[in-house]
2 protein chains.
Amino acid sequence: MINRIGERTLELTRKPRVVGFGSAAGKKEGEGPLAKWFDKIFTDTTMGGETWEKAEAALQKTALSLALENAGLENSDVGLIFAGDLLNQCTSSSYGLRDFGIPFLGQYGACSTMAQTLAMASILVESGAADTAAAVTSSHFCSAERQFRYPLQYGGQRTPTAQWTVTGSGSAIVAAYGNGEFLGSGSKLTQCSDMNLKRQIGAAHVCIGKIIDMGITDANNMGAAMAGAAADTIYRYLCDTSTKPEDYDMIVTGDLGKVGTDILYELLSKENVSIEKQHSDCGLLIFDCDEQDVHAGGSGCGCSASVLCSYIMKRMRKRELNSVLFAATGALMSPTIVQQGESIPGISHIVHLVNCTD
Amino acid sequence: MINRIGERTLELTRKPRVVGFGSAAGKKEGEGPLAKWFDKIFTDTTMGGETWEKAEAALQKTALSLALENAGLENSDVGLIFAGDLLNQCTSSSYGLRDFGIPFLGQYGACSTMAQTLAMASILVESGAADTAAAVTSSHFCSAERQFRYPLQYGGQRTPTAQWTVTGSGSAIVAAYGNGEFLGSGSKLTQCSDMNLKRQIGAAHVCIGKIIDMGITDANNMGAAMAGAAADTIYRYLCDTSTKPEDYDMIVTGDLGKVGTDILYELLSKENVSIEKQHSDCGLLIFDCDEQDVHAGGSGCGCSASVLCSYIMKRMRKRELNSVLFAATGALMSPTIVQQGESIPGISHIVHLVNCTD
């Protein structure tokens, strides 16, 4: 059942379960601090293919396949896919996933897309619309850079506030659960040997964000453009649920990087909220900013997706983390309209993941 | 409640109600056969603004405002917006709707987006995740043409299979209904003078489509790229619900145009299904193809959105139509990846709208 709490938080009372997840990352990500957590690391930027766009599609295909394998499910067990990415027309989602034969709903939330797809998958599963649903997203440094900024060959100087788009993808499979067993097509999970692991991570709450525009017009300062949305959704979620930051093991934003993180702390401090102790940012976790020369940190939907579906979920399964607020953040940035003088609106959605004992 | 029927159709048992809708269209559409049905017709392609992209954002803002007015609701009564469009990064949705202050979920289904947003709004309302949700989408001939094909100034020749992107937008507001009254924030509708009208149109069923690739590589033949998806979803829906085409007053596809419509009939005839008598296509309804020189018909998310949220819904309110299968169709076409030699996958989702008597 779905209960509404406060202004805009949803409680998913049966806590649909994350029964499988998978991650794929590129070479630079594979040289960073989270290398050992990724399921697969590609060292070739085109993944043996012809173009970066096709490579990004292959990343999504890989992540979803890994997640299905991890869940012990087949394509036909999954009722819905929610997927999106940064490429125009969400190309890597539609091309990467067209062969799976699963009903498909394209999502666009810029770098917040992992939270959006996971939120939608969780809500639809809890509502009974599907027994099992998949969430997938990706980004690729090379395809993003040439689409949003300059051709790579141009060798443009990067500003100190710039972030490095992560080459990576993450996918999670959510299954309906209730009264001690998986429901419907997910019921084969009830018989599986590691059922305890499969039913462990649940999606307890979701909070859908509003578009927040901080008036930022610098396409090389995404962190600042997204910080307001992160602050708005996190603050709203804490109010709606009457919880405090210390009630969570981790509050993890998508890809605010150094600049956006500082602004987030400042904005929340005005509301007397301090999340410094619990907070991590996927964009700062995935790279060693100084050693890897990524300036303000990592970014892209693949950043929070690959970190969530490796480092965070694996640590949850180990019970090192038991309650995580996943607040991916997106800058709804369009080169066309920014060139027309418009500012960059941000958005952030939250999925609250918990280790379940039922 | 949401019941699953057959392979992938969802029955929304309480039939969430379309309590308001609005449409806005451009000059050429305002000279076509449906002119009298649109709520607002703009004769200036930039709508008094600076650019076509900003004009398209203004179209969405107008359509949503008209729908809210038609419903007699305010921004704060709406719990969620599902919106999308054809522009890169779904620009006209995020910029057109950022000031409404409503939790926002960007959708990308190319020209199928109106069915996708209406399906999601209906499912989420039925699930209890929101009392009221809005669906919005748009397209604009000038912004689409320069993004997907050539600069307008180039004056490229159009092929006979080419379709004309509609300048228009449509929006519908869906509210939760049960036991003879509107629920939650929609409850003010129960007290309104035209409650009978507000509770009339209900979303009875939804069918989410799979990605179907027909191998079409011609970016000027969208109808052919989408026809397979339309055939797949319509056939699946009829099987799932054990219904026949003659059970519906109208089966309306999004924007297959002349070419796609012919292919749809051919594909369905292989399954011994004939929809010719009930079928209309929004792309053929909105323009007089010969008189208005639009070749194979209209297209764009704004095509099916503006036709649904004017001509179709107004005729439903008049009870000229009582049961309509709305099957918007999308070509998940990316100029970048088509230039890389890839074919164009299609997708189609169905929302079954009925006049309710409860």
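As the structure is a prediction and not an experimental result, all values here were calculated from the model.

Visitor: Please clarify how the relation of the copies chain A and chain B should be interpreted in this entry.
Guide: Applying a rotation about an axis and a shift along it to one chain copy brings it onto the other copy. The two copies are related by a screw motion: chain A maps onto chain B through a turn of 180° and a shift of 0.0 Å along the axis, at an RMSD of 0.0 Å. Expressed as a symmetry operation, the mapping of one chain copy onto the other fits a two-fold axis. Comparing interface residues between copies, 100% of those in chain A also lie at the interface in chain B; the contact surface is shared.

Visitor: Quick question: what am I supposed to make of the side chain of Arg236 of chain B here?
Guide: Counting through the fold element by element, Arg236 of chain B comes out in helix α7 (residues 222–241). Classification of Arg236 of chain B as buried rests on a relative accessible area of 19%.

Visitor: What's the story with the pattern of salt bridges in this structure? I'm lost.
Guide: It is possible for side chains of opposite charge to pair when their charged atoms get near one another. On inspection of all chains with the given rule, the structure shows 44 salt bridges over all chains. One salt bridge in this structure joins Arg98 of chain A and Asp213 of chain B, with 2.5 Å as the shortest N-O distance. With Arg98 of chain A in the loop between α2 (91–97) and β6 (104–106) and Asp213 of chain B in strand β13 (residues 212–213), this pair bridges two chains.

Visitor: Please explain the environment of Val259 of chain A as it appears in this structure.
Guide: All names here are of chain A. Positionally, Val259 belongs in helix α7 (residues 257–269). For the pair Val259 and Ala296, spaced 37 residues apart in the sequence, the C-alpha separation amounts to 6.5 Å. Not counting residues up to four positions away in its chain, the partners in contact with Val259 are Thr161, Asn221 and Ala296.

Visitor: Where do I start with the pairing of strand β17 (residues 323–331) of chain B in this structure?
Guide: Side-chain direction in a regular strand flips from residue to residue, so the side chains alternate between the two faces of the sheet. All names here are of chain B. Among the nine residues that make up β17, nine are buried, leaving the element largely enclosed by the rest of the structure. Sheet topology places strand β14 (residues 250–253) next to β17; four bridges connect them, and they run parallel. Residue pairing for β17: Val252 is matched across the bridge by Phe326. Here nine bridges tie β17 to strand β18 (residues 345–355), and the two strands are oriented antiparallel to one another. Directly across from Ala328, in β18, lies its bridge partner His349.

Visitor: Quick question: what am I supposed to make of the interface of chain A and chain B here?
Guide: It is common to report an interface's size as the accessible area lost on association of the parts. Contacts between the two partners involve 57 residues from chain A, matched on the other side by 57 residues from chain B. Summed over both sides, the interface between chain A and chain B buries roughly 4,600 Å², with carbon and sulfur atoms accounting for 59% of that surface. It is Gln89, Tyr95 and Arg98 of chain A in chain A that bury the most area against chain B; as a group they hold 16% of the surface buried on that side. If you look at where chain A meets chain B, you find eight salt bridges. Where chain A meets chain B, there are 29 residue pairs in polar contact (both at pLDDT 80 or more). Considering every element that reaches the side of chain A that touches chain B, the biggest residue donor is helix α3 (residues 113–127) of chain A, with five residues. In the side of chain A that touches chain B, the residues fall into 29 nonpolar, 18 polar and 10 charged.

The rules behind the values
Residues numbered from 1 in each chain as written. Chains lettered and ligands numbered in written order. Predicted model: local features only at pLDDT ≥ 70, side-chain atom pairs only at ≥ 80, totals over all residues. Heavy atoms only, no water. Least-squares fit on C-alpha atoms with pLDDT ≥ 70 in both. Contact = heavy atoms within 4.5 Å. Helix = DSSP H or I, 4+ residues; strand = E, 2+ residues; numbered from the N terminus. Buried < 20%, exposed > 50% of the residue type's maximum accessible area, 1.4 Å probe, protein only. Salt bridge = Lys/Arg side-chain N within 4 Å of Asp/Glu carboxyl O. Pairing = 2+ DSSP bridges. Buried area = accessible area lost by both parts, 1.4 Å probe. Polar contact = N/O pair within 3.5 Å; in protein donor to acceptor, adjacent residues only side chain to side chain. Nonpolar A, V, L, I, M, F, W, Y, C, P; charged D, E, K, R; others polar.

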